Amino acid sequence: MDEGVRLHRNTAKLLAFYLFIVFTGAGGWLAATWGEAQGRYTNTGPFRVFAAFFFLCGIAALGSLLWSFSIHVDDAGLTLRLRGATTRLSWESVELLTVEKAGEGWQDPRLTIRLVPGATIRGRIARRQDGRCTYDLLGVEDFSLPPEDVLAILRRYGKDRVDGRVYLGFREAVRRVAVFMAEREQATGDTAERGGGDGPTG
C-alpha cells in the first residue's frame, strides 16, 4: 500500500527572510530616531511608523514559524498539520487545490484549498463563499521541494482536484525568457570576442 508523501515548508528560507524584515524595520526606526536626534532629519514620524510596522510584521511572521507545518498526502486524502492543529481530509471533501496570486502578479503565489460545504480546517481562517471554505495553506515556493514537484505529488493523489497549470505556465515562460537572455548574452559576448580578434595587430 502506498504510504503517501509528506510535504514540509522550507523553514530555513522563511527564517532568513523574516529576520531580514525584522532587522530592516528595526534599522530603519533606529536610523530615523538617531537622525532626528542629531538634527539631520525632521518630520521622521511617518517613516518611523512604517519601520515599526515592518518590524512588528516580521516578529509576527517569526512567531508563525514556531508552529509545525506539514501536509501528508496519500490515496485517501490529506492530513494537515497547521499551527498545532491536525485535520484529516478525505479527497471527497476537497473541491479544489490550486495556486492563486497574492495580488496582481505571481510574486508570492499561494497554495490554496477549497472544500465542499460543511468541511473545515482547524487552525486556519477561511474565506467563505456559497457555504464553501477556502484556505491559504502556504506559499507554493516556500516548500522544501520545488513547486513543480509539490504540484506533481498533489496531482498524483488528488488527480483532477489539483490544478496549477496557469502558475506552472508562468514559471515555464519565465524560465524560457531567462534561457533566451542567457543565450543572447553568450552570443553577443562571442561576437564581441571574434570582432576583437579580427582587428589589426600592428
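In the block above lies the structure referred to throughout.
All values reported here derive from a predicted model rather than from experimental measurement. (Residues numbered from 1 in each chain as written. Predicted model: local features only at pLDDT ≥ 70, side-chain atom pairs only at ≥ 80, totals over all residues. Heavy atoms only, no water.)

1. Observations regarding the packing of helix α1 (residues 11–37) against helix α2 (residues 45–64)
Link 1 in the chain: Taken N-terminus to C-terminus, the directions of α1 and α2 make an angle of 155°; their axes are 8 Å apart at the nearest point. The angle between α1 and α2 falls in the class roughly antiparallel. For the element pair α1 and α2, the recorded crossing hand is left-handed.
Link 2 in the chain: The residue makeup of the contact of α1 with α2, split by class, is 16 nonpolar, 6 polar and 2 charged. (Axes fitted to C-alpha atoms, helices over the stretch in contact; angles between N-to-C directions. Helix = DSSP H or I, 4+ residues; strand = E, 2+ residues; numbered from the N terminus. Parallel < 35°, antiparallel > 145°, perpendicular 65-115°, else oblique. Left-handed = near helix turned anticlockwise from the far one by under 90°. Nonpolar A, V, L, I, M, F, W, Y, C, P; charged D, E, K, R; others polar.)

2. Some points on the pattern of salt bridges
Link 1 in the chain: Inspection of the entire model under this criterion finds 13 salt bridges.
Link 2 in the chain: Note that arginine 171 and glutamate 141 form a salt bridge whose closest N and O atoms lie 3.7 Å from each other. Taken as a pair, arginine 171 in helix α4 (residues 165–197) and glutamate 141 in the loop between β8 (132–139) and α3 (147–158) lie far apart in primary sequence, 30 residues in all.
Link 3 in the chain: Aspartate 163 is the partner of arginine 165 in a salt bridge, and the nearest nitrogen-oxygen pair spans 2.9 Å.
Link 4 in the chain: For arginine 165, a relative accessible area of 64% puts it in the exposed group.
Link 5 in the chain: Via salt bridges that share partners, Glu95, Arg114 and Arg132 belong to a single interconnected network. (Salt bridge = Lys/Arg side-chain N within 4 Å of Asp/Glu carboxyl O. Buried < 20%, exposed > 50% of the residue type's maximum accessible area, 1.4 Å probe, protein only.)

3. A few points about the sheet that holds strand β4 (residues 85–90)
Link 1 in the chain: Judged by pairing direction, the sheet is antiparallel, and its 4 strands sit side by side in the order β1-β2-β3-β4 without closing on themselves. Every other strand in the sheet has two partners, leaving β1 (5–8) and β4 as the edge strands with one partner each. Taken pair by pair, the neighbouring strands of this sheet meet at an average axis angle of 15°, ignoring direction.
Link 2 in the chain: With 6 bridges connecting them, strand β3 (residues 77–82) and β4 associate as antiparallel partners. (Pairing = 2+ DSSP bridges.)

4. As for the pairing of β3
Link 1 in the chain: One ladder, built from 5 bridges, connects strand β2 (residues 69–73) with β3; its direction is antiparallel. By the bridge assignment, isoleucine 71 is partnered in β3 with leucine 80.
Link 2 in the chain: Linkage of β2 to β3, two consecutive antiparallel strands, is achieved through a turn of 3 residues.
Link 3 in the chain: Between β3 and the antiparallel strand that follows it, β4, lie 2 residues; arginine 83 among them carries a positive phi value of about 50°.

5. Quick word on the environment of leucine 97
Link 1 in the chain: Its location among the elements puts leucine 97 in strand β5 (residues 94–100).
Link 2 in the chain: Among the residues examined, leucine 97 registers a relative accessible area of 1% and is labelled buried.
Link 3 in the chain: For the pair formed by leucine 97 and aspartate 136, sequence separation is 39 residues and the distance between their alpha carbons is 10 Å.

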